[in-house]
Amino acid sequence: MSEFDDRFRANFELARRSARKASWPVLIGLTLLSLFFLLAVFAPFIAPFDPWEPGRPFLLPSAEHPLGTNDIGQDILSELVYGTRISLFVGFFAAFVSVAIGTLVGLFSGYLRGAADEVLMGLTDIILIIPALPLMIILAAHTSPNIWNIIIVIGALWWTSTARVVRSRVLQLREMPFVEAARGLGAGDAYIVFRHILPNTLQVISAKFILAVAGAMLTEASLSFLGLGDPLQKSWGMMLNYAFSRGGFINGYWWWYMPPGICISLAVLSFVLMGFGLEEQDRRELETSKL
Amino acid sequence: MTERTGYLARQALRYAISLFIIVTLIFLIPRMMPGDPFISLLGEEVYYRSPDLVEQLKTQYGLDQPLSEQYLSYLHNLMQGNLGYSFHYSQPVWDVISYKMKWTIVLLIPSVILGAILGIVMGSLAGWQRGSGMDAWITSLFLFIYSMPHYWLAMLFVLIFAFYLGLFPLSGITAGGLEGVQKLRDVLWHMALPVFVLTLFGATYNFFIMRSSVVQVSGEGFVLTARAKGLAEREILFRHVLRNALLPLVTVIALDFGFMVSGALLVEIVFSWGGMGTLVYDAVLARDYPLLHGSFLVIACCVLAANFLADVLYAVLDPRIRGGNAA
Amino acid sequence: MNRFRRETLLACGLVLLLFLMGTMAASATENGNVLRLGLQSDKFTQMNAFVLPWGNGAVFGMTHIPLATFKPDLDTAPCLAEKWEVSSDGKSITFHLVKNATWHDGKPVTAEDVAFSFEYWKKIDKSDARGNWYGSYLDHAKVIDNNSVELVFNESVAAVTLASQIPITYVIPQHVWKGVEKPKEYNGADALIGCGPFIFEKFDNDAQIAYLKANPNYFAGKPAVDAIEWHYYRSLDTLLLALEKGEIDAKADYYQPVSGIYAADLVKADNVDLIIVPDIGVPLHLVFGFKQYPTNTTSFRQAVSYAIDYQALLEMIAAGYGEIPGKGYNSPALPGFDTDLPKLEYNTTKAKDLLNSSGFIDKDGDGLRESPDGSKLRIPITPDTKPQYVRAAEVISQNLRKIGLDVYVESLSSDALKKKLWTDRDYCMAVRYSTPYANLAGDTAAEYYVDLPGMFGTCKDAKITGIVNEAIRSKDIDALSKSRRAIQEYVAEEQPIIALIWGDAIYPVRTDRWVGWTPMNGYGPVNYWSWFSLKPK
């Protein structure tokens, strides 16, 4: 009994130590993200003004307007708070679209193999190679600048890396005994794919999702900077665009162009930290399992 | 040998198909977009001003022909190197692009190389000492840089180093009126900031890949053996770990090209560097579609070429693809 | 391993830094008697007289000059022509050229060159305003003798042509352009040969700088400026920063005054002055579409005009540099400005009253007004794509929402916008601007709201189309002034277009190397007269 106790305690200690070691990035990332999430959800209560209300322009930071006002007198701090909504929204949705497509493609490709696999992977490779930003610029230039078009454009080009990763995982999984057992019991392909394989790919998918959100937010910021964003939305990228094109840069209004950039960085960082931390955790688990 | 050539041939075929699809996409996109495809093809400057000109050009461009015929003449033109005419620049698209492309390459090559070196060095240090304080610091730094929008950081650099401190020029490729060595030094001086920014971003990308590569390799059996044999840490790192970890990185450097092109686009705009980035941006602003499409085709070709190069390198270096011999 | 690598890296870094600092020292160049100008709005593409920025060059008067040019108050002054006579029926002008003008390649300027120029302008592409004008109205150009040319029009448009077209139509050498079918594609080395005070030398493509030198044989005397360097900057911010640092002396763009929002920073810099001239264009306006309801209703438009907070717009878009406009639309700098017309007024009570009395009442209590027949009213406002117009549209939509109108900003892709504004013209309200050229033209900026051939508006009211047609065919300046007053009175009454800001045109210049700029209304200090009035400090 005590031997079992000892071994259990040793393993628990090991797990706890490794869990604690690996989790600092995840914890920080999660904290940051929750902060932004709260900002987004409770924006109307947190923001001191209605960010759409025009007022006296180019005011310096003061007690009333901690970050001053922009070129049409809107309170920058309020814009920043509301901007969380759009930026997170675009990030999540674009990531969702791209990961959803990628997962479907990866699932079918990996499970069905053969001709379907060749075709889908060929398509994936081809799209993977196309330089994303230039193509997004072309698509955005041709379509009207609204938030959904941007989401679709990002989603349409980014599913490829998810597809590949999901496919590798599916290839691994489909050889496993529980799948064979299910097949032996007479389960249909669709059932196996969605009931057995998909849940086991979730880890891989969530890792990709997290990074996709980060990337989508950065891309939206880039497109807005180029003037291809939705000019009517208060995203951080659009704030930067106006700050730079309406004299914020040369007049030295750092309270206008620094905060949105910092927010983008921190928001992206939160996702990147989580993704990175989870990856480290995975590796640690893999290592401890090797021993 | 045959396995390698077989592999390369397959990859070449893949790229050829990619190129074909990209070419077709460029043909289809303007014709599929809502609105008059003619605007998309000519750019609006011409379109909304003069209806006679529009009619004249429609026949010239063969837009009254059936789609298949248009496609064939489009391909025909491409093969002759005719990318169309830019109304914005009053020059053939190819002339404009070839001039600007070289300046982007001038920026990209040192950035890719320096970024790779920086990423490799930092990545292997961090990966080798994983879990230590140094790893934490370096990794955090790179994580933070990775999260920043490229152009925002570039803007800050311009503001701080070029405007307030006056250490570097504000914009452009060179000041006027210089020749020879003086011009070279001037160009280098103008290049310094943009290359620095691009290097930083390239380095972050490589850093993470190198780090995880090193971490993965150092967990493998032969490292344990080497340690057991009593080899010094440094020897293990260089002789064994790096050699194996370097392989994926070699391909990544070539792939970096594709990634860097997007980064370079934005950085060029901030630094007013007269390369493809500013060209694409101006083409978008002016909605000069022939120029925009032409630029995209050229960029896509370069990226494809870089990828193919990566495959060739991979085939040459990876022992597993050699004919028959095991690692 | 670590230390060795770290040290080598550090050493390399230091060497690089020292090298760079060395190059910095080497790059400081000598100034000399060179005027450095900055270009931002048009980029250098072909070195060709018909391609931008050279294509707008008549106002600058560098390499090419017109027969008559604008005076600083926008009246007409002799240039290549020393005098002219307008026929009594207003259908022709006879120009008498100066006797000793030569092209930059030495050949003399003759009446044949002038006649050729106008015939050439007539047949080149209609998308150019000059091509459009001469294509529509010039019958032919006749050589009278070696120094005299007669321009014959098919209608009595001579006075208007003289006031608005001649100063922007420069003369080109026949021996260069005679066989050229597509002027914009011509890339010969002589494509910039003109007879102006400056000769084009070369273009540095890498540095994006065009070099010009003074023409020693210029018929009116060698300019005081020895040489010009025209630097291109991709963004306005970089250009202004370069101006502040002393890399350039002034900004030289065709009608691109600097917005008031930059003025604050510019005045702080050493040796930078702001030259402020009365603007002849209207930097921000709201034009109504007559193809849509309710903007085709006069009382609705008048209500809208009372609902806009002009003072706030002035502060946001122009940082206060300017004044609240008058109801007549055209700015006070326009020759023929009607001083009797009142200013626009921000009065929400009047706005609401007008809407109420016209039947636009909120019947269902949701805070938004419906049309008189009860249907929902949702009105888009369509701004031009540049950020300042989008911002202005945002502010205006907020103003209008305050009086109960459901107005929203419609942001379209550039293609869709152009289609809506120029082809279909089915907008309700569009936020744009007008150029000096449009205001100086015979139609006095009516082209933005009137639907006539060659114009861009939607209003078909016979009253205004009649006045505009008359204005274009004014027999002389007095008749033109009369027509202009009539146009302004109509606009004040019916309000098919509302000027939102009368701006000051701000042009920054450096004061430490050159003095003696001659500012021109609307166009600023960089113009033909300054070449002879500037002196090095």
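Residues numbered from 1 in each chain as written. Chains lettered and ligands numbered in written order. Predicted model: local features only at pLDDT ≥ 70, side-chain atom pairs only at ≥ 80, totals over all residues. Heavy atoms only, no water.

A word on the overall build of chain C. Counting secondary structure elements, chain C contains 16 helices and 20 strands. On C-alpha atoms alone, chain C measures out to a radius of gyration of 26 Å, which is about the 24 Å that the 2.2 N^0.38 rule sets for 537 residues. A principal-axis box enclosing the C-alpha atoms of chain C has dimensions of 85 × 75 × 40 Å. The burial tally for chain C puts 60% of its 537 residues in the buried class. Put simply, of all contacts in chain C between residues at least 6 apart along the chain, 68% involve residues at least 24 apart. Total accessible area computed for chain C in this model is approximately 19,900 Å², and 52% of it derives from carbon and sulfur atoms. Charge centroids of chain C, computed over 55 positive and 66 negative side chains, lie 3 Å from each other. (Helix = DSSP H or I, 4+ residues; strand = E, 2+ residues; numbered from the N terminus. Rg over C-alpha atoms; globule rule 2.2 N^0.38 Å. Buried < 20%, exposed > 50% of the residue type's maximum accessible area, 1.4 Å probe, protein only. Contact = heavy atoms within 4.5 Å. Areas by Shrake-Rupley, 256 points an atom, 1.4 Å probe, with all protein chains shown as cover. Lys, Arg positive; Asp, Glu negative; His and termini not counted. Charge placed at Lys NZ, Arg CZ, Asp CG, Glu CD.)

Counting from both sides, the interface comprises 44 residues of chain A and, opposite them, 51 residues of chain B. In total, about 4,300 Å² of surface goes out of reach between chain A and chain B, with carbon and sulfur atoms giving 76% of it. It is Ile129, His142 and Phe225 of chain A that lose the most area in chain A upon contact with chain B, and together they represent 16% of the buried surface on that side. Where chain A meets chain B, there are zero salt bridges. For the interface between chain A and chain B, the tally reads three residue pairs in polar contact (both at pLDDT 80 or more). Looking at which element gives the most residues to the side of chain A that touches chain B, the answer is helix α10 (residues 254-290) of chain A, with 18 residues. By residue class, the composition of the side of chain A that touches chain B is 30 nonpolar, six polar and eight charged. (Buried area = accessible area lost by both parts, 1.4 Å probe. Salt bridge = Lys/Arg side-chain N within 4 Å of Asp/Glu carboxyl O. Polar contact = N/O pair within 3.5 Å; in protein donor to acceptor, adjacent residues only side chain to side chain. Nonpolar A, V, L, I, M, F, W, Y, C, P; charged D, E, K, R; others polar.)

With that settled, the discussion passes to the sheet that holds strand β6 (residues 138-145) of chain C. Residue and element names in this part refer to chain C. An order of β4-β5-β7-β6 is seen for the four strands of this open sheet, with the pairing classed as antiparallel. Two strands bound the open sheet, and with one partner strand each, they are β4 (81-86) and β6. The mean inter-strand angle of the sheet, taken between neighbouring strand axes irrespective of direction, is 20 degrees. By the bridge criterion, six bridges tie β6 to strand β7 (residues 148-153) in an arrangement that is antiparallel. Each bridged residue has a counterpart across the sheet, and for Asp145 the counterpart in β7 is Ser148. (Pairing = 2+ DSSP bridges. Axes fitted to C-alpha atoms, helices over the stretch in contact; angles between N-to-C directions.)

Time to look at the environment of Trp103 of chain C. Residues and elements named next belong to chain C. For Trp103, the position within the fold is in the loop between β5 (92-97) and α2 (111-123). For the pair Trp103 and Leu162, spaced 59 residues apart in sequence, the C-alpha to C-alpha distance is 24 Å. Those residues in contact with Trp103, other than ones at most four positions away along the chain, are Pro108, Val109, Asp113, Val171, Ile172, Pro173, His175, Ile193, Gly194 and Cys195. Within polar-contact distance, the side chain of Trp103 engages the backbone oxygen of Pro108 at 3.5 Å.

Let's shift gears to the pairing of β7 of chain C. Residue and element names in this part refer to chain C. With six of six residues buried, β7 is to be regarded as a mostly interior element. Where burial is concerned, the two faces of β7 agree: the one with Ser148, Glu150 and Val152 and the one with Val149, Leu151 and Phe153 are both buried. Relative to β7, β5 runs antiparallel, the two being bridged by five bridges. Of the residues in β7, the one forming a bridge with Ile93 is Leu151. As consecutive antiparallel partners, β6 and β7 are separated by two residues.

Further remarks concern unusual backbone geometry. Cis geometry marks the peptide bond from Leu52 of chain C to Pro53 of chain C; its omega dihedral reads 0 degrees. Following Tyr293 of chain C, the chain continues to Pro294 of chain C via a peptide bond in cis, the omega torsion being 5 degrees. As for its placement among the helices and strands, Pro294 of chain C is situated in the loop between β13 (282-288) and α8 (298-307). Phi is positive for Phe58 of chain A, close to 55 degrees, though the residue is something other than glycine. With respect to the helices and strands, the residue Phe58 of chain A is situated in the loop between α2 (43-46) and α3 (76-112). One non-glycine residue, Ala319 of chain C, lies in the positive phi region at around 50 degrees.

Summary statistics for chain C give a mean pLDDT of 88 and a share of 93% for residues scoring 70 or more. The low-confidence segment residues 22-31 of chain C (pLDDT under 50) makes 12 contacts with residues lying over four places distant or belonging to another chain. (pLDDT = per-residue confidence, 0-100.)

Okay, the pattern of salt bridges next. As enumerated under the stated definition, the model contains 34 salt bridges over all chains in all. A salt bridge links Glu53 of chain A to Lys402 of chain C; its shortest N-O distance comes to 3.6 Å. Remark: Lys402 of chain C occurs in helix α11 (residues 387-402) and Glu53 of chain A occurs in the loop between α2 and α3; the pair is interchain, linking two chains. Relative accessible area serves as the criterion here: at 54%, Lys402 of chain C is assigned to the exposed category. Residues Glu323 of chain C and Lys343 of chain C are paired through a salt bridge, measuring 2.5 Å at the closest nitrogen-oxygen approach.

Right, let's talk about the side chain of Thr104 of chain B for a bit. In this structure, Thr104 of chain B sits in helix α6 (residues 93-128). With near-sequence residues (within four places) excluded, Thr104 of chain B lies in contact with Glu268, Trp273, Gly275, Met276 and Gly277 of chain B.

Time to look at the nonpolar core. Counting 178 residues, the largest nonpolar core has Ile137, Phe225, Trp236 and Phe271 of chain A as the members making the most contacts within it. Counting residues per element, this core draws most heavily on helix α8 (residues 189-225) of chain A, which supplies 14 residues. Beyond its immediate stretch of four places on either side in the chain, Trp236 of chain A contacts Phe36, Leu80, Gly83, Thr84, Ser87, Met217, Pro260, Cys263, Ile264 and Ala267 of chain A. Leu80, Phe118, Leu138 and Ala250 of chain C belong to the second-largest nonpolar core, a separate cluster that totals 123 residues. (Core = buried A, V, L, I, M, F, W, Y, C linked by side-chain atoms within 4.5 Å.)

In the structure shown here, the tally under the stated rule is 55 aromatic pairs over all chains. Aromatic side chains Phe89 of chain A and Trp148 of chain A sit 5.6 Å apart centroid to centroid with 85 degrees between the ring planes, which places their arrangement in the edge-to-face category. Note that Phe89 of chain A is positioned in helix α3 and Trp148 of chain A in helix α6 (residues 147-174), a separation of 59 residues in sequence. A ring pair is formed by Tyr389 of chain C and Tyr433 of chain C, whose centres lie 5.5 Å apart and whose planes are at 10 degrees; its orientation type is stacked. Of this pair, Tyr389 of chain C sits in helix α11 while Tyr433 of chain C sits in strand β17 (residues 429-434), and the two are 44 residues apart along the sequence. Judged by relative accessible area, which is 5%, Tyr389 of chain C ranks as buried. Grouped by ring-pair contacts, the aromatic residues Phe50, Phe116, Tyr120, Trp121, Tyr170, Trp177 and Tyr186 of chain C constitute a single cluster. Taking the ring centre of Trp52 of chain A as reference, the NZ or CZ of Lys234 of chain A above it sits at 4.7 Å. (Phe/Tyr/Trp six-rings, centres within 6.5 Å; stacked < 30°, edge-to-face > 60°. Lys NZ or Arg CZ within 6 Å of the ring centre and 35° of its normal.)

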